[in-house]
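# Working through the structure, step by step
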Amino acid sequence: MSVGSKVAIKLERVTAGYLTAARGWRSLRRRLEVVLNNVSLEVYNGERVVIIGESGSGKSTLLRVVLGLLKPLRGRVVVLGKEVYSLPWSERVRVLRAVGYVPQDPYKALNPSLKIRYSLMEPLEALGIGDPEGRMARVLRLVQLSEEVMNYYPTDLSGGMRQRVLIARAVIHDPEILVLDEPTSALDVSIQAQIINLINDLYEKLNLTVLVVTHDLGVAQYLADRAVILYKGEIVEEGFFEDVLHSPRNNYTKLLIKSYRASI
Amino acid sequence: MEAMVLAVKAVGLRVGYLDSEENVLWAVREASFEVSEGEIFCLVGESGCGKSTVGNAIAGILPPHAVTEGELHIFDRPVIQGGRMNYNGVRGRIVSYVPQNPGTGLNPYYTVEDQFYYVLNSLYGLGRRKAVEVSRNYLSLVGLDPDRVLDYYPHELSGGMQQRAAIALALSTGARVVVADEPTSSIDANLRLQLIKLLLDLRDSQRISLFLITHDIMSAGKICDTIAVMYAGRLLEVGRGSEVVTEPLHQYTRMLVDAAPTLGFKKALRSIPGEPPRPGVVVEGCAFRPRCPWAFEKCVEAPPRVGVFGREVECWRYVG
Amino acid sequence: MPLSLNYLAKRLLWSMLVVVGVAVLSYLIIVLSPGDPAVKWAGNPRGANASLAIELARKELGLQDPIYVQVPRFVVNVLTGNLGLSIFYKQPVFPVITSNLTSTLELLLITYLIAIPTGVLLGYFSAVRRGSRVDDFIQQLGVLLANTPTFWLGSALFLVLVTHEIPSSGRVDYVLAIETGFQSITGFYLLDSLVQGNLRVFLDVLVRLLPPALAISVYPMGLMIRVVRTLVTEVLLEDYIRVSVALGVKKRRILWTFTLRAVMPGVIQLSGIAFAYSLVDAMVVESVVFGRPGLGRLLIDALNSSDFRIAIGLIVVVTVFYLVVNTLADVVQALTDPRVRL
């Protein structure tokens, strides 16, 4: 899978954060909480990039910025050549149609009152894409689920199967970029392996550019061409995964590697 | 051969729950194991295998509608015998518990200081001042500054601080066995190693026995003296930590190790086909048979436990 | 500080706005409903002095002024407690209302003093013996209590008492009060009689208070029985309770200290809401069944004599009552639940 020279996603000196209520009697004034600080990142077409960060690192915020959900306070966000936040909403949607998103918790990301088929069809309806039956069948085959899954409810499925459904839903509209938020954190080790293999399989088959956010170095090893270490809202290290693993330069990275086998 | 003091001993322990039709759903079908004093014992398994239930049984917090069979002894005290449970004088004094999720495991209505007080006062009748003294010791032990923690409510502390406070609280009871359900799962990398080191130090200095429940077999292999691999309510393999991971005997253990990523060596990730049986579902014969590459005719019967090279395995392939 | 000055200030501001809004609406009712507003404001007088009264009323309302002068003036009058003289009572409106308010309030407070502890205790019993016949019985009792019409219950109690010649109507035996030199200071007779050391009046007031209080208490009691059972059951299933058990905390402490603490915010909130609801119950039962002075009687008198001034005064007072009760409930919740920050 050759890496193209064109840039799929680019973040240029992005600073992002939220307004929160300040404590105490000054609560009339809102306080600005900066979560991402001057982050610059490039994801090239056809490559797999993993952002490694723990809770509080800003990784969820970074994903929101990339997905067009949170306008940064400073900096530019360019997806497939278009600067996302300078476009009106309708144009933005068209650009983001090229992105497929797999959210974090398979137990909470599917509407429990909808049968799987309706959850799968959501992106098609939203984007006005036709041939729902055909696409659904194809995409379920890709994630190795039987077609009858369509008629089940999310609670009938195990965690691993739900995660596959989420991945299926993320690729049903033929995106070019696949973004995954902690795709294996809620799953057991044996299922984790299945999902990792599945993601790589789809990467090859569908010619995707993959962006993954995870806290698990082991998972990152299997999903990364390049790795980006995020700590307290800043990128502290980046490079090809092997290089980062074998010659880490930043102390936090070294600590991450050292404590990998202490998840008791 | 000196007599090893057994901190925990389970013989044919079974734990189940009554469903709405008065049937028993067994979460733990058969567990027999021993934890020596001053040992770090890891119970490893995937979700739904019953490991948390075993932990609850040792800690004395099985729900009131739980049904038990078999025996569980803690320092020779029978806490479970057949259908009867008796934890008098055991909870807190002998066995302590660190919850998996400190956010919900600490009482949100009381400050950290209050929580120490209520525990120490209940157990040992300590007054407030003494309780605060004790709490200061243990908070410092886990790397927390007491002055920055005691007067705060749990939700005002970060996740890592909450977890460490929960550990300090559990240690302060003076228990000799600590049951911890994934204690470092919600802690940042910074502190994880520190905490592991702390647990190891405690084991060495105070001969505290640790009963750790985890899903990560590779981490268990590095830290634990003994590993027990649990699947569908049974212990499929029990043996020395390092050996079980480097030379697994049971197919399930081997596949767990194969499926776990190793950092630095990008082996092929082989996943285990199929899914573990849902908790409570009755299984005929060996629970792992449908997914096992070694399965043969004998496996339709429940395999006995056999001793192999100092380890215990439940598999027909090792019989005879 | 779980409570910020900022929050209180905002709350106060909004409350005042609500009162202003109610005052404006009331004014609009007088002016826009069919009929001459001055006549209404004068209380539909008849007889020789009718036209004089109407002219006075017209001046009071300032109907000759443009509307944007009338309304603010009226609102200011309301806020300063100046609504003129009541048609029926021939006394200034707000003092009349406040003196009757204390009567109803006293009744409500005693009611809740009975209802809440009983309901909570029964709810606790239910929860601790969950699934048993005791549990079922208590819960069914709760449903029965919550759905019993207070009017009926009050009347039944009254009949029983009257046939046994137990004093039951009114608020106090006035003859006894005069004989023993009882003075009303705060308006809360129980308090006043205790302060004055007047035990006979105290007992008399109490005996007359209990029957209506019991009648009104069934609704909040029934409510508490059911809600507390749910709350307690939920709390007992919480993680931190399990951890406390594991760490060796005594059962009694867990059941009472911890669980009560956890259940309190919910109980208080619910009590606040029910308290405001019970006001209506109280107004009906106290006046119609037991013949006590209070807001209920005021309402009846106002309606019977077309006394708009009292009526509007009542509306404003009841509005303030609801606002105060709700604010108090929220404030107390902030003080008792450390996770709530206002």
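Residues numbered from 1 in each chain as written. Chains lettered and ligands numbered in written order. Predicted model: local features only at pLDDT ≥ 70, side-chain atom pairs only at ≥ 80, totals over all residues. Heavy atoms only, no water.

### A word on the packing of helix α1 (residues 5-32) of chain C against helix α4 (residues 67-79) of chain C
All names here are of chain C.
- Between α1 and α4, the shortest axis-to-axis distance is 9 Å and the interhelical angle comes to 125°. When the axis of α1 is compared with that of α4, the two are oblique. Both α1 and α4 take part in a crossing whose hand is right-handed. In this structure, α1 uses V19, V20, A23, V24, Y27, I30 and V31 to contact α4, whose residues at the interface are Q70, V71, F74, V75, V78 and L79.
- Along the lines of polarity and charge, the residues of the contact of α1 with α4 split into 12 nonpolar, one polar and no charged. (Axes fitted to C-alpha atoms, helices over the stretch in contact; angles between N-to-C directions. Helix = DSSP H or I, 4+ residues; strand = E, 2+ residues; numbered from the N terminus. Parallel < 35°, antiparallel > 145°, perpendicular 65-115°, else oblique. Left-handed = near helix turned anticlockwise from the far one by under 90°. Contact = heavy atoms within 4.5 Å. Nonpolar A, V, L, I, M, F, W, Y, C, P; charged D, E, K, R; others polar.)

### Let's talk about the environment of M221 of chain C
Residue and element names in this part refer to chain C.
- Take M221: it is sitting in helix α10 (residues 199-236).
- Judged by relative accessible area, which is 11%, M221 ranks as buried.
- As for M221 and I254, which are separated by 33 residues in sequence, their C-alpha atoms are 24 Å apart.
- In this structure M221 touches I114, A115, T118, G119 and L145, once residues within four positions along its chain are discounted. (Buried < 20%, exposed > 50% of the residue type's maximum accessible area, 1.4 Å probe, protein only.)

### Let's talk about the packing of aromatic side chains
- Per the counting criterion, the structure on display carries 22 aromatic pairs over all chains.
- Taking 5.4 Å as the distance between ring centres and 50° as the angle between the ring planes, the aromatic pair formed by Y110 of chain B and F258 of chain C counts as tilted. Of this pair, Y110 of chain B sits in the loop between α2 (102-105) and α3 (112-124) while F258 of chain C sits in helix α12 (residues 251-289), each in a different chain.
- Judged by relative accessible area, F258 of chain C falls into the buried class, the value being 4%.
- Among the aromatic side chains, those forming a connected cluster through ring pairs are Y110, Y117 and Y118 of chain B together with F258 of chain C.
- Here R14 of chain B stacks its cationic end above the ring of W26 of chain B, 4.2 Å away from the centre of that ring.
- The aromatic ring of W316 of chain B is capped on one face by K298 of chain B, whose charged end is 4.2 Å from the ring centroid. (Phe/Tyr/Trp six-rings, centres within 6.5 Å; stacked < 30°, edge-to-face > 60°. Lys NZ or Arg CZ within 6 Å of the ring centre and 35° of its normal.)

### Digging into helix α2 (residues 89-96) of chain A
Residue and element names in this part refer to chain A.
- Among the residues making up α2, those that are buried are R92, V95 and L96. Viewed along the axis of α2, the buried residues span an arc of 90°, placing them on a single side of the element. Exposed side of α2, more than 90 degrees from the buried face: S90 and R94 are the residues found there. (Arc of directions from axis to C-beta.)

### Structural notes on the domain arrangement of chain A
All names here are of chain A.
- You can read the domains of chain A as domain 1 (7-98 + 175-262) and domain 2 (105-174).
- Taken together, the 20 residues of domain 1 in the interface contact 17 residues of domain 2.
- Both faces considered, domain 1 and domain 2 share a buried interface measuring about 1500 Å² in area, 71% of it formed by carbon and sulfur atoms.
- The three residues of domain 1 that bury the most area against domain 2 are R97, P175 and L198, which together make up 37% of that side's buried surface.
- For the pair domain 1 and domain 2, the number of links is zero salt bridges.
- Counting across the interface, domain 1 meets domain 2 through three residue pairs in polar contact (both at pLDDT 80 or more).
- In terms of residue count, the dominant contributor to the side of domain 1 that touches domain 2 is helix α6 (residues 189-205) (eight residues). (Domains from an automatic or database assignment. Buried area = accessible area lost by both parts, 1.4 Å probe. Salt bridge = Lys/Arg side-chain N within 4 Å of Asp/Glu carboxyl O. Polar contact = N/O pair within 3.5 Å; in protein donor to acceptor, adjacent residues only side chain to side chain.)

### Concerning unusual backbone geometry
Residue and element names in this part refer to chain A.
- For R13, which is not a glycine, the phi torsion comes out positive at approximately 45°.
- In this fold, R13 is placed in strand β1 (residues 7-21).
- Taking the relative accessible area as the measure of exposure, R13 reaches 54% and is therefore exposed.
- You will see that D174, though not glycine, has its phi angle at about 55°, which is positive.
- Here D174 shows up in the loop between α5 (159-171) and β7 (177-181).

### Brief notes about empty space enclosed by the protein
- Per the counting criterion, the structure on display carries six cavities of 30 Å³ or more.
- Here the largest cavity defines a volume of roughly 100 Å³.
- Forming the boundary of the largest cavity are 14 residues, of which N107, Q115 and L169 of chain B together with S244 and F258 of chain C lie nearest the centre.
- Of all the secondary structure elements, the ones that give two or more residues to the lining of the largest cavity are α3 of chain B together with α11 (239-246) of chain C.
- When the residues that make up the lining of the largest cavity are grouped by side-chain class, the tally is 10 nonpolar, four polar and no charged.
- Taken as a whole, the second largest cavity holds about 80 Å³ of empty space.
- Lining the second largest cavity are H250, C286, R289, C292, W294, A295, F296, C299, P303, C315, W316 and R317 of chain B.
- Across the lining of the second largest cavity, the residue classes tally to nine nonpolar, one polar and two charged. (1 Å grid on protein atoms, 1.4 Å probe; cavity = no way out; pocket = protein on both sides within 12 Å on 5 of 7 lines; lining within 4 Å. Points joined across faces, edges and corners; volume = space filled by probe spheres on them.)

### Quick notes on the state of the cysteines
All names here are of chain B.
- Using the criterion set out here, one finds one disulfide over all chains in the structure.
- Disulfide pairing places C42 opposite C224 at an S-S distance of 1.7 Å. Taken as a pair, C42 in strand β3 (residues 40-45) and C224 in the loop between α7 (217-223) and β10 (226-231) lie far apart in primary sequence, 182 residues in all.
- On the accessibility criterion, C224 (6% relative accessible area) is buried. (Disulfide = S-S within 2.5 Å.)

### Digging into the interface of chain B and chain A
- Counting residues at the interface gives 43 residues for chain B and 36 residues for chain A.
- Summed over both partners, the interface of chain B with chain A comes to about 3300 Å²; 55% of that surface belongs to carbon and sulfur atoms.
- Looking at the side of chain B facing chain A, the largest losses of area belong to L263, K266 and L269 of chain B, adding up to 21% of the total buried there.
- In this assembly, chain B and chain A are joined by one salt bridge.
- Considering only residue class, the side of chain B that touches chain A consists of 20 nonpolar, 11 polar and 12 charged.

### What to know about the interface of chain C and chain B
- At the junction of the two partners, chain C supplies 21 residues and chain B supplies 28 residues.
- In total, about 2300 Å² of surface goes out of reach between chain C and chain B, with carbon and sulfur atoms giving 58% of it.
- When the area that chain C buries against chain B is broken down by residue, the three leading residues are Y240, L247 and R253 of chain C, summing to 28%.
- Linking chain C with chain B are zero salt bridges.
- The set of elements that each furnish at least two residues to the side of chain C that touches chain B consists of α11 and α12 of chain C.
- Split into classes, the residues belonging to the side of chain C that touches chain B amount to 10 nonpolar, three polar and eight charged.

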